[in-house]
Amino acid sequence: MVDLHVNICGVELKNPVIPASGTFGFGREFDELYDISLLGAVATKGLTREPRLGNPTPRIAESRGVILNAVGLQNPGVEHFIEHDLDWLRRKTRVIANVAGATLEDYAAICRRLDGLVDFIELNISCPNVKCGGMAFGIRPEDVKEVTHVSKQALKNTPLIVKLSPNAANISENARAAEAGGADCISLINTLTGMAIDIERRRPVLANNTGGVSGAGIKPVAVRMVYEAAHAVKIPVIGMGGITCAEDALEFLMAGASAVQVGTQNFTDTLACPKIIAGLETWCDGHGVGRVRDLVGALKIN
Amino acid sequence: MRELTAAVLENVRIAENIYSLTFATEEAVPVLPGQFCMVGVAGYPLRRPLAVCKAEGERVTVCYQVKGGGTKSLVGYKQGHRLSVLLPLGNGFSLTPDMKRVAVVGGGVGVFPLISAIRAYAGEREISAYMGFRNRAAVCLRYEMQRADKLVIATDDGSEGYRGTAVQAFMEDIERAKPDVVLSCGPTPMLRALKNAVSGRNIPVYVSLEERMGCGIGACLVCVCDKKDGTHARVCRDGPVFEIGEVEI
């Protein structure tokens, strides 16, 4: 029987499968369908300092093999999360608090608030920087480094994951920028910016016009970026983007990810994560792999 | 709510672009009137939220309008085809015992969730149903609608029944029907018209809302609606049924 444990920044996960931020709430709804304590960790819905209402609807659209979303960070705020969900979720499994902000001060404040309360903090840096004319923090390497540095300064006890945006000129450069800014780990890819059009109405389907593209169709882009980023830095990498099954997850592990996140597939099949965990076990047992962590970066380039 | 595997028993056209899909789940699941399910379509990442018209033990019937590629694919699902289904979802209609006279006002595909209410309450409460369709070719589920004590079919072009909207038909009959409660589902303009028409009459109105959904279970915050108090409610989880005064329509 394969050992599925992985260790990220000194924190042990019982397996490398993590539902991705925004697709899983704080875990309560999915826990009605299966015991979420079997997951390696849970990445929470993106949290901000204050509650946020998010964007107008429709917030979701579908295109071949992918979906687009523009939820706009609706969340009850970090204090509500700490008061209502954190203890419950911590008793279940490892907690990755996904956080977002509009200014560097926002990031520093929310990191300071959650320091020591969660197992990891994951920075969503795909948000518009209000002081930079709304350009996302995650696009230019100098901004990636700065937001990482400011967040890291606010943390004494909790390892920092920086979630990289694929909407960047050079993913390796941004991975190195996160590492240079003090990131303990990087995760990627966040969604690609896209648009879907309702030709009858001659309007974008999403009320927000554009949204983040995710789902099976983005997987080859994600695998390539994880491979490049993992080979650009020494810190661990969490891979995601279009994972639907254990075989997909294995691609990310071999490309250099120490763990994976599963997002859109939770909508297609609410039992996606447990099935992927079971599938990893079956595959490893069938291939004589004793420890899943031995597959991390096992890729041999042609 | 349960993640279930089901087998298609029947999938038939019942009106222009409208199909009735009956499937059998592995085991009987209790479904309240007004609840819905998410049905997976192979090749599409999002499941389709479909109102349950009828649930009898393991047999569940949903109706759907062919709108895009996903529902077009669903038409091809023949008897025996395996389906992945999340069921039952949402709150559904819930009536108190004193609500003896029930008016049901539906428009277009909004008729589907109301069928489950008519089926649940027929015989034990006095039901008056006002169901609006574009034209005669769009009218479906007559047999189910006729379970109501009184049924008015309304068509926009007058090709069948009352010429006009379901709300107009309802308002013309409201003094006779004297409803203790109104249950409704339909396009937003219809719900707005209903809201205006009954305002000041002090009759509770419950509406079932429709919205594009992600997970269907309340986790992703995709299908929200605006509440009167300035917050958001999740249509899939806190709804789809809301008291009409509670939400912005």
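Trainee: Explain the environment of A:Cys185 to me, and be specific about the residues and the numbers.
Mentor: All names here are of chain A. Turning to its location among the elements, Cys185 is positioned in strand 10 (residues 185-188). Owing to 24 C-beta atoms within 10 Å, Cys185 belongs among the buried residues under this scheme. In this structure, the C-alpha to C-alpha distance between Cys185 and Ala169, residues 16 residues apart in sequence, is 20 Å. Leave out the neighbours within four places in its chain, and Cys185 touches Ile8, Cys9, Pro159, Ile161, Ile235, Pro236 and Ile238.

Trainee: Explain the nonpolar core residue by residue, including any values.
Mentor: Across soluble globular proteins, nonpolar side chains show a tendency to be buried alongside one another. By size, the foremost hydrophobic cluster in this structure holds 185 residues, and its most contacted members are A:Ile186, A:Val226 and A:Val260. When residues of this core are assigned to domains, at least three map to each of domain 1 (2-89) and domain 2 (101-208) of chain B.

Trainee: Run through the domain arrangement of chain B, naming residues and quoting values.
Mentor: By a frequent convention, interface size equals the accessible area lost on bringing the separate parts together. Residues and elements named next belong to chain B. For chain B, the assigned domains are domain 1 (2-89) and domain 2 (101-208). Computed over C-alpha atoms only, the centres of domain 1 and domain 2 are separated by 24 Å. Looking at the side of domain 1 that touches domain 2, the element that brings in the most residues is strand 4 (residues 48-56), giving 4 residues. Looking at the side of domain 1 that touches domain 2, its residues break down into 8 nonpolar, 2 polar and 2 charged.

Trainee: Mind laying out the packing of helix 7 (residues 219-230) of chain A against helix 8 (residues 246-255) of chain A, listing which residues take part and the relevant values?
Mentor: Residues and elements named next belong to chain A. Following both chains from N to C, one finds helix 7 and helix 8 inclined at 25°, their axes separated by 8 Å at the closest point. Considered as vectors, helix 7 and helix 8 are oriented roughly parallel to each other. For the pair helix 7 and helix 8, the sense of crossing is right-handed. For the pair helix 7 and helix 8, the contacting residues are Lys219, Val223, Val226, Tyr227 and Ala230 in the first and Asp248, Glu251, Phe252 and Ala255 in the second.

Trainee: An account of the sheet that holds strand 10 of chain A is needed here, citing residue identities and associated values.
Mentor: Strand pairing in a sheet relies on backbone hydrogen bonds, with the paired strands running either antiparallel or parallel. All names here are of chain A. Overall, parallel pairing links the 8 strands, which are arranged 3-16-15-10-9-8-7-4 in an open sheet. Each having just a single partner strand, strand 3 (17-19) and strand 4 (41-43) make up the two edges of the open sheet. For this sheet, the mean inter-axis angle between neighbouring strands, taken without regard to orientation, is 25°. Direction of pairing for strand 15 (residues 237-240) relative to strand 16 (residues 259-262): parallel, over a ladder of 3 bridges. When the sheet's bridge partners are listed, Gly239 is paired in strand 16 with Val260. Each of strand 7 (94-99) and strand 8 (120-124) touches helix 4 (residues 104-114); the most contacted strand, strand 7, lies at about 160° to it. Here helix 10 (residues 272-286) sits on the sheet and contacts strand 3 and strand 16; the angle it forms with strand 3, its principal contact strand, is near 170°.

What counts and what doesn't
Counting restarts for each chain, with residues numbered from 1 along the sequence as it is written. Naming scheme: in the order in which they are written, chains are lettered from A and ligands are numbered from 1. Reporting of local features is limited, given that this is a predicted model, to residues whose pLDDT is at least 70; pairs of side-chain atoms are given and counted only at 80 or more, and all residues count toward the totals for whole chains, interfaces and linings. The helix and strand labels rest on DSSP assignments: H or I over at least four residues marks a helix, E over at least two residues marks a strand, and numbering proceeds from the N terminus. Three classes are used. A residue is buried when 20 or more other C-beta atoms lie within 10 Å of its own, exposed when 12 or fewer do, and partly exposed in between, with C-beta atoms placed from the backbone. Note on contacts: residues are paired as contacts if their backbone-placed C-beta atoms lie within 7 Å. For this entry, the nonpolar core is defined as buried Ala, Val, Leu, Ile, Met, Phe, Trp, Tyr and Cys residues connected by C-beta atoms within 7 Å. Domain delimitation in this document rests on an assignment produced automatically or drawn from a domain database. Residues are grouped as follows: Ala, Val, Leu, Ile, Met, Phe, Trp, Tyr, Cys and Pro are nonpolar; Asp, Glu, Lys and Arg are charged; every other residue, Gly included, is polar. Fitted lines through C-alpha atoms serve as axes, helices being fitted only where they are in contact, and the angles separating the N-to-C directions of these axes extend from 0 to 180 degrees. When an angle is under 35 degrees it counts as roughly parallel; over 145 it counts as roughly antiparallel; between 65 and 115 it counts as roughly perpendicular; any other value is oblique. Should the near helix be turned anticlockwise from the far one by less than a right angle, the crossing is left-handed, and should it be turned clockwise, the crossing is right-handed. A pair of strands is considered paired only if DSSP assigns at least 2 bridges between the two.

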